[in-house]
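Spelled out from the first residue to the last, the chains are:
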Amino acid sequence: DQANVTLYDATAVAAVTLEAFAGMWINAFIVSVICMAWVKKKVLNSTDKILLFLGCSRFWHLCIGWTYYFLSIIYPKYFHVHPVFPLFDSVQSILNCSNFWVSTCLCVFYCIKIANFRNSFFMYLKVKIDRIVLWFLLVAVLFSLVIGIVVYDITETALCKSFNSTTQGILWKSSIRVNEHFFPSYFIIGFVFGTSFMTVVFSALLLLSSLWRHKRNMQRNSMKDLSMDAHIRAMKSILSLFVLYNINLICFILTIVYAVKGQNHVMFLISVFMYAFPGVHSLILIFSNPKLEKTMLRMLACVKCKVCMKQ
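Residues numbered from 1 in each chain as written. Predicted model: local features only at pLDDT ≥ 70, side-chain atom pairs only at ≥ 80, totals over all residues. Heavy atoms only, no water.

Caption draft 1: Local environment of the layout of surface pockets. Within this model, the second largest pocket holds a volume of roughly 270 Å³. Thr 47, Phe 109, Tyr 110, Ile 114 and Arg 233 are the residues nearest the centre of the second largest pocket, which is lined by 15 residues in total. (1 Å grid on protein atoms, 1.4 Å probe; cavity = no way out; pocket = protein on both sides within 12 Å on 5 of 7 lines; lining within 4 Å. Points joined across faces, edges and corners; volume = space filled by probe spheres on them.)

Below, the structure written as structure tokens:
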């Protein structure tokens, strides 16, 4: 049994490591390309600001998340010591919330920038959106920090009820299932999931409505407009995030259910899906952005040429 457990743990760590490092490479690519363009042009547009912040957030989210998972599987006794676990949980919550809120900011930005409505408030936002992007990002960061502080306080309070003082230090009580004490943390993260999810849905509906009206006007006037491509590209990005949000939300709910039951095999499958989200969505963003797509294809072509030359 011990050999099977060890083999299972090694397989789980290997799978999560592969996904995490792939996601980190993809987001590091986004950050490096945008930073190099920033250095060359000395200017950073609003889309690049959001993508830069999102890439950094997801890179560190995957890095900390992988460390969290690795320590909890390989070195559980060293990991489950105060205050290591509350700090990891708090930092991971900050990065997770930042990841989702910045993704939501990107969807809202696409919606306001591309959609066409005659509402005066919407027109005001359309004019001012480039100036308030930084404020959106600042609010996302501050909100994430508040969530992280609250999660740290909840986690530390919960652990105080589950700790058993010994001569070697403060360790877990094996008879108590720690996840049962973390429902307030789950509720907070669920609130972040739900709020950002509803914002993405609202943005997608607005953009879809604008696309439908725009297409109808074009057919009526027998005209072709380049903004149709912008609508479709933004819709692909938002709908991909919408689908991934659905998958992630289901995985989050399953995490709450199976964490309490202690079914590690199911938790491993859920972790695989959740660690795939930051990398897969960032890859979709790359291929929906002409500059990033061109750089990625050029890099892949260079790698392919070098491999062919070696062979």
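Caption draft 2: The arrangement of the pattern of salt bridges in detail. A full pass over the atoms with the stated rule returns 2 salt bridges. Of the charged contacts in the structure, one is a salt bridge between Lys 291 and Asp 48, with a shortest N-O distance of 2.8 Å. Of this pair, Lys 291 sits in helix α9 (residues 290-310) while Asp 48 sits in helix α2 (residues 46-74), and the two are 243 residues apart along the sequence. Looking at Asp 48, the relative accessible area reads 7%, which means it is buried. Notably, a salt bridge pairs Lys 113 with Asp 130, separated by 2.8 Å at the nearest N-O pair. Taken together, the residues span a long stretch of sequence, with Lys 113 in helix α4 (residues 84-114) and Asp 130 in helix α5 (residues 120-162) at a distance of 17 residues. (Salt bridge = Lys/Arg side-chain N within 4 Å of Asp/Glu carboxyl O. Helix = DSSP H or I, 4+ residues; strand = E, 2+ residues; numbered from the N terminus. Buried < 20%, exposed > 50% of the residue type's maximum accessible area, 1.4 Å probe, protein only.)

Caption draft 3: Seen up close, unusual backbone geometry. If you check the backbone angles, Lys 42 has positive phi at about 60° while not being a glycine. Within the element layout of this structure, Lys 42 appears in the loop between α1 (2-41) and α2.

Caption draft 4: Spatial organisation of the packing of α2 against α4. Relative to each other, α2 and α4 sit at 155°, their axes nearing to 9 Å. On the basis of their axis angle, the class for α2 and α4 is roughly antiparallel. Handedness of the crossing formed by α2 with α4: left-handed. Its residues assigned to classes, the contact of α2 with α4 shows 17 nonpolar, 11 polar and 2 charged. (Axes fitted to C-alpha atoms, helices over the stretch in contact; angles between N-to-C directions. Parallel < 35°, antiparallel > 145°, perpendicular 65-115°, else oblique. Left-handed = near helix turned anticlockwise from the far one by under 90°. Nonpolar A, V, L, I, M, F, W, Y, C, P; charged D, E, K, R; others polar.)

Caption draft 5: Up close: the confidence of the model for the chain. With 74% of its residues at a pLDDT of 70 or more, the chain has an overall mean of 76. Looking at the elements of the chain, mean pLDDT is at its lowest for strand β2 (residues 169-172), recorded as 41, and at its highest for α2, recorded as 87. Here residues 1-5 is a poorly scored stretch, pLDDT under 50, and it has 0 contacts once near neighbours within four places are set aside; other chains count. (pLDDT = per-residue confidence, 0-100. Contact = heavy atoms within 4.5 Å.)

Caption draft 6: The arrangement of the state of the cysteines in detail. Per the stated rule, a full pass over the model turns up 0 disulfides. The closest cysteine sulfur to the non-disulfide-bonded Cys 105 is located on Cys 107, 9.4 Å from its own sulfur. (Disulfide = S-S within 2.5 Å.)

Caption draft 7: Summary view of the environment of Ile 112. Along the polypeptide, Ile 112 turns up in helix α4. Distance from Ile 112 to Leu 206, taken between C-alpha atoms, is 9.1 Å for residues 94 residues apart in sequence. The contact partners of Ile 112, leaving out residues within four places of it in the chain, are Phe 122, Leu 125, Lys 126 and Ile 129.

Caption draft 8: Molecular detail of the UniProt feature "transmembrane region" (unreviewed entry) in the chain. The sites that UniProt annotates as "transmembrane region" (unreviewed entry) are residues 20-39, 51-71, 91-112, 132-152, 186-212, 238-260 and 266-288. For the annotated span residues 51-71, helix accounts for 100% and strand for 0% of the residues, and the straight-line distance between the end C-alpha atoms is 30 Å. (UniProt positions renumbered as here; feature names shortened; annotations may be inferred.)

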